[in-house]
Amino acid sequence: MRRFVILVFAFCILTLPFVAWAQAPLTFIPISPCRLADTRLPVGTFGGPSISANTTRTIPVQASAACPIPTTALAYSFNVTVVPSGKFLGYLTVYPASTTRPVVSSLNSFDGRFKAGAVVVGGGTLGDVDFYASDTTDVVVDVTGYFVAPGVNNGLQFYPMPNGPCNLVDTTQLANKNGLYGPSMKSGETRTFTVTQQVAPCAIPPQAQAYSLNVTAIPSGPSLGYLTVWPQEFAQPLVSTLNAPTGTETSNAAFLLAGNGEINVFAADATDVQIDINGYFATPGEGGTSLYTQTPCRALDTRLSNSQTQGNTFFGPLVADIQGSNCIASPTAAAYVVNATVLPTTAFAYLDLINPDLPGPSPYVELLHSLDGQVTSNMSIVGASTVFLPLGSVVAIASSPTQLLLDVSGYFDSPNLTNLTPIPLPDATSGVPYTTTLTARGGTPPYTWAVTAGTLPAGLKLGANTGKITGTTTALGVFPVTITVTDSVAASVSTVTSIRVDPFTALAIQTQSLPNGNVGVIYKQTLVATGGVQPYTWSVISGSLPAGLTLNSTTGAISGTPTSAGTSSFRVQVTDSQGSTAARSYTVTTT
């Protein structure tokens, strides 16, 4: 279903733990799709056995002879297919080897069907990647490219489509536009689509060397064994892009080498095909962004009682504050690598995941479908808002009630060295041990840090190699200071900031009362505390907020859109870093 929509959004906030991240900006090297591993084959490094329930299999990606990946590769673009041994696979998690397994999922197969999913993942020790299965399954891994450090192998930067994702190919429509539409594909047919013939707003620049696509199959019969998409100038590879064994509409993301601008599609069984594009990879230049990898992190889980849905399903638009989730280290991230999973309550036509800055009305394309009501996921590169509040958010649009999980495995941002020192620095308290860690992004790590103007309060010092400010001071007042970060090729960036040292006072909540709200109208109030030792943690210890509102545990902001009228009484507690607490009761009426 292709739609024209006008959206009205509500403000919301999420909070989840921060995640480790990579400082180096990575560029992309596309390759023709290649089969890296298949555990259905005889036992071997890249073959069997199957992955047993609750176990992890490590794949040494760079040791493959079939798909030669250099030791300079720091992250990979995979297409992963699960072939469950039974009738259920709770989840598969793909993550860098020798790191703690994150609480995220890459794929699910609750009914035991074989299913494919795109994954962008960093390499761990020796470039290896771990695959954890909650239930016994075979795994097939195809690689479509890899990411390298700046200046290695002429890597490519990512450029989002200027007007957002758009449709390149749709065989459900009449063959009336550049041969990129109907008729439907027949069983065993290979068809070539010259996607560079597309016109605005979906025109692909000639400098594009790889595409970021979303491929959807709409089978004509009860089953589609597999669909393969590859560059026309290459022989058909022994890989699959997606599978639809139950005949339901199925989508999967794909990074694809552009080649001569023509895409080949092979369908094992009769089907319609839709191909959307959200961006392309090209030579580094103005507007280009690089990948920053991280341990996969769960940015949204609407099943949780502290989410903006308070554990309930939603449909229509939902604002996901990715920056506020603490899953992303950079406040300037241009786009996120997101794996979206829906848990629908009934037949589910579509999920969109978009940048809310996009103009409307617009023919938004669909990220995934679950017409059979099954748990379904798909990966996407989605732009972060720079105008719409909260900044750094994305918007999910659900056709019918569903729960939604958003897992972030990386982000795209400028490759330039950026000093992320906060202005001002976190406050210090006289006589209390102080520590804060400065961060930078881009350039060429490792970094060194220095105070190049002003002085830190007596007793505090900055670690040149760690970026940590530590110590205990008894000085009082505000201390201006300039912090300079320098990378390994002598590029440097300075930030003028300050640090305030306060006398120790008892912790107290200063906000006396809260205003009332209105149903359907955005509400936001931030509680203020003083004293104690920051940072503070906020919580509701009795009663409940009005339906539709949530409390940000880090900032103390109460925000959202009230969904029902009534009076709510609740008690809020603030806890400082030393464990001291203060509490205050509030009443808010919504009409």
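Residues numbered from 1 in each chain as written. Predicted model: local features only at pLDDT ≥ 70, side-chain atom pairs only at ≥ 80, totals over all residues. Heavy atoms only, no water.

**Notes on the sheet that holds strand β5 (residues 107-109)**
Taken in spatial order, the four strands make up an open sheet running β2-β7-β4-β5, and their pairing is antiparallel. Because the sheet does not close on itself, it has two edges, and the strands there are β2 (55-59) and β5. The mean angle between the axes of side-by-side strands here comes to 20 degrees, regardless of whether they run parallel or antiparallel. (Pairing = 2+ DSSP bridges. Helix = DSSP H or I, 4+ residues; strand = E, 2+ residues; numbered from the N terminus. Axes fitted to C-alpha atoms, helices over the stretch in contact; angles between N-to-C directions.)

**Concerning the sheet that holds strand β40 (residues 566-575)**
Backbone-to-backbone hydrogen bonds pair the strands of a sheet. The strands run either parallel or antiparallel. Strands sit in the order β37-β40-β41 across an open sheet of three strands; the sheet is antiparallel. Where the open sheet ends on each side, the last strands, each with one partner, are β37 (537-543) and β41 (581-590). Pairwise comparison of adjacent strand axes, ignoring direction, gives a mean angle of 30 degrees for this sheet. The pairing of β37 with β40 spans six bridges and is classified as antiparallel. Bridge pairing links W538 to V574 in β40.

**A few points about the pairing of strand β32 (residues 477-486)**
The sheet contact formed by strand β29 (residues 448-454) and β32 spans six bridges and is antiparallel. Bridge pairing in β32 places G454 opposite V481. Sheet analysis places β32 next to strand β33 (residues 492-502), joined by 10 bridges and oriented antiparallel. What sits directly across from V478, in β33, is R500. The loop that links β32 with its antiparallel partner β33 comprises five residues; one of these, A490, has a positive phi angle of about 75 degrees.

**What to know about the packing of aromatic side chains**
Summed over all chains, the structure comprises 15 aromatic pairs. Note on F158 and F412: the rings are 4.9 Å apart at their centroids and 35 degrees apart in plane angle, and the pair reads as tilted. Pair noted here: F158 is in strand β9 (residues 157-160) and F412 is in strand β24 (residues 394-413), with a separation of 254 residues, a long-range link. F158 gets classed as buried once you look at its relative accessible area, which sits at 1%. Within the aromatic cluster, the residues linked to one another by ring pairs are F28, F147, F158, F255, F281 and F412. In this structure, R101 packs its charged tip against the face of Y132, placed 3.6 Å from the ring centre. (Phe/Tyr/Trp six-rings, centres within 6.5 Å; stacked < 30°, edge-to-face > 60°. Buried < 20%, exposed > 50% of the residue type's maximum accessible area, 1.4 Å probe, protein only. Lys NZ or Arg CZ within 6 Å of the ring centre and 35° of its normal.)

**Describing the pattern of salt bridges**
Here the structure, examined in full by the defined rule, presents nine salt bridges. Ionic pairing is found between R35 and D142, a salt bridge with its closest N-O pair at 2.7 Å. Here R35 is found in strand β1 (residues 27-38), whereas its partner D142 is found in strand β8 (residues 137-148), with 107 residues between them in sequence. On the accessibility criterion, R35 (27% relative accessible area) is partly exposed. For D142, a relative accessible area of 1% translates into the label buried. Note that R191 is salt-bridged to E189, the shortest N-O span being 3.0 Å. In this structure R191 comes out as buried when scored by relative accessible area, which is 13%. In this structure, a network of salt bridges that share partners links the residues D111, R113 and D372. (Salt bridge = Lys/Arg side-chain N within 4 Å of Asp/Glu carboxyl O.)

**Observations regarding the state of the cysteines**
Under the counting rule described, the total for this entry stands at three disulfides. Note on cysteine connectivity: C34 is disulfide-linked to C67, with sulfurs 1.9 Å apart. With the S-S bond torsion at -90 degrees, the cross-link from C34 to C67 turns out left-handed. Here the residue C34 occupies a position in strand β1, and C67 occupies one in the loop between β2 and β3 (75-84), the gap between them amounting to 33 residues. Accessibility assignment for this pair places C34 and C67 in one class, buried. The side chain of C166 participates in a disulfide bridge whose partner is C202; the two sulfur atoms lie 2.1 Å from each other. Taking the torsion about the sulfur-sulfur bond, which here is approximately 90 degrees, the covalent link between C166 and C202 counts as right-handed. With C166 in strand β10 (residues 166-170) and C202 in the loop between β11 (190-194) and β12 (210-219), this residue pair connects regions lying 36 residues apart in the sequence. Like C202, C166 is buried. Once the disulfide-bonded cysteines of the chain are ranked by sequence position, their pairing pattern turns out to be 1-2, 3-4, 5-6. (Disulfide = S-S within 2.5 Å.)

**Re the nonpolar core**
Counting 32 residues, the largest nonpolar core has L168, Y211, L227, V265 and I277 as its most contacted members. Of all the secondary-structure elements, those providing two or more residues to this core are β10, β12, β13 (224-231), β14 (242-244), β16 (262-267) and β17 (271-282). At five residues, β17 tops the list of elements feeding residues into this core. Discounting residues that sit within four places of it in the chain, V265 has contacts with M185, E189, T190, R191, F193, L227, T228, V229, W230, V273 and I275. C297, I328, A333 and Y336 belong to the second-largest nonpolar core, a separate cluster that totals 29 residues. (Core = buried A, V, L, I, M, F, W, Y, C linked by side-chain atoms within 4.5 Å. Contact = heavy atoms within 4.5 Å.)

**As for the pairing of β13**
Both faces of the sheet carry side chains from a regular strand, because those side chains alternate between them. Of all eight residues in β13, six are buried, a share of seventy percent or more. Here β13 pairs with β14 via two bridges, running antiparallel. Along β14, the bridge assignment pairs L227 with L242. Looking at chain direction, β13 and β16 are connected through five bridges and run antiparallel. Residue pairing for β16: T228 is matched across the bridge by F266.

**Concerning the environment of V342**
Position of V342 among the secondary structure elements: in strand β20 (residues 335-344). Spatially, the C-alpha atoms of V342 and N378 are 9.2 Å apart, while their sequence positions differ by 36 residues. Leaving out residues up to four positions away in the same chain, V342 has contacts with F348, L351, L368, Q374, V375, T376, T402, Q403 and L404.

**Considerations on unusual backbone geometry**
Of note, the bond from G182 into P183 is cis; its omega dihedral lies within 30 degrees of zero at 10 degrees. Mapping P183 onto the fold places it in the loop between β10 and β11. Note that the residue after Q534, namely P535, is joined by a cis bond; omega there is 5 degrees. Take P535: it is sitting in the loop between β36 (529-530) and β37. One non-glycine residue with positive phi stands out, namely N326, at about 65 degrees.

Purely geometric numbers; function is a separate question.
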